[in-house]
Amino acid sequence: FTLEMILENDCALRSSQKLYACDELNNSDAILANRERVGAWETFKMIKLDSEHVAFKAFDGKYLSVNKQSSLIFANANSIGKQEKFKIVILNKKD
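Summarised in this report is the structure supplied together with it. Here the structure is a predicted model, which means the values were calculated and not measured.

With respect to the environment of Leu91
Step number 1: By the secondary structure assignment, Leu91 is in the segment after β9 (86-87).
Step number 2: Assessed through its relative accessible area of 73%, Leu91 is described here as exposed.
Step number 3: Through-space distance from the C-alpha of Leu91 to that of Thr2 is 9.7 Å; in sequence the pair is 89 residues apart.

As structure tokens, then:
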């Protein structure tokens, strides 16, 4: 995903297909990249944890979490643990 900052701590996650990740409340909390525009359900709160790691809080107040078995991302965690930590990697730094 490419991280697109919207406000100070609000962001959107854009896939390589240029579609935005969405917290679809009626889809088992699965995060799907199927939206062309950013709205409330496509906006995530980014929480800085340390110099390299962040967590993301979805529209419904749940944290994004990586499922260990499938490696899919869900918005289903009530707190931040190992599966809710994401590393920020800067690929193209612009001056």
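Thoughts on a nonpolar patch on the surface
Step number 1: Together, Leu3, Met5, Ile88 and Ile90 line one region of the surface with nonpolar side chains, adding up to about 350 Å² of accessible area.
Step number 2: Checked against the element boundaries, Ile88 lands in the segment after β9.
Step number 3: Using a relative accessible area of 36% as the deciding quantity, one classes Ile88 as partly exposed.

Notes on the packing of aromatic side chains
Step number 1: Tallied over the entire structure, the rule returns 2 aromatic pairs.
Step number 2: With centroids separated by 6.2 Å and ring planes inclined at 50 degrees, the aromatic side chains of Trp41 and Phe59 adopt a geometry described as tilted. Of the two residues, Trp41 sits in the loop between β4 (31-35) and β5 (44-48) while Phe59 sits in the loop between β6 (53-57) and β7 (63-66), which places them 18 residues apart along the sequence.
Step number 3: Given a relative accessible area of 31%, Trp41 falls into the partly exposed group.
Step number 4: What makes Phe59 partly exposed here is its relative accessible area of 44%.

Things to note about the pattern of salt bridges
Step number 1: One pass over the structure, following the stated rule, counts 4 salt bridges.
Step number 2: In this structure, the salt-bridge partner of Asp10 is Lys45, at a minimum N-O distance of 2.8 Å. Of the two residues, Asp10 is situated in strand β2 (residues 10-14) and Lys45 in strand β5; the sequence distance between them amounts to 35 residues.
Step number 3: For Asp10, a relative accessible area of 14% corresponds to the buried category.
Step number 4: Measuring nitrogen to oxygen at the nearest pair gives 2.9 Å for the salt bridge that ties Arg35 to Glu42.

Cut-offs and rules
- Within any chain, residue numbers begin from 1 and follow the written order of that chain's sequence.
- Side-chain atom pairs in this predicted model are given and counted only at pLDDT of 80 or more, local residue features only at pLDDT of at least 70, and totals for whole chains, interfaces and linings cover all residues.
- Based on all heavy atoms of the structure, the side-chain values leave hydrogens and waters out of the count.
- Helix and strand labels come from DSSP, where a helix needs a run of H or I of at least four residues and a strand needs a run of E of at least two; each type is numbered from the N terminus.
- Relative accessibility thresholds used throughout: buried, under 20% of the residue-type maximum; exposed, over 50%; partly exposed, between the two (1.4 Å probe, protein chains only).
- Any residue with relative accessible area above 30% and no salt bridge may belong to a patch, with like charges joined within 9 Å and the nonpolar Val, Leu, Ile, Met, Phe, Trp and Tyr side chains within 5 Å.
- Reported accessibility uses the Shrake-Rupley method at a 1.4 Å probe radius. Residues are deemed covered only where the shown protein chains occlude them.
- In what follows, salt bridge is the name for a side-chain nitrogen of Lys or Arg lying within 4 Å of a carboxyl oxygen of Asp or Glu.
- For Phe, Tyr and Trp, rings pair up if their centres lie within 6.5 Å, where Trp contributes its six-membered ring, and each pair is then called stacked (planes under 30 degrees apart), edge-to-face (over 60) or tilted (otherwise).

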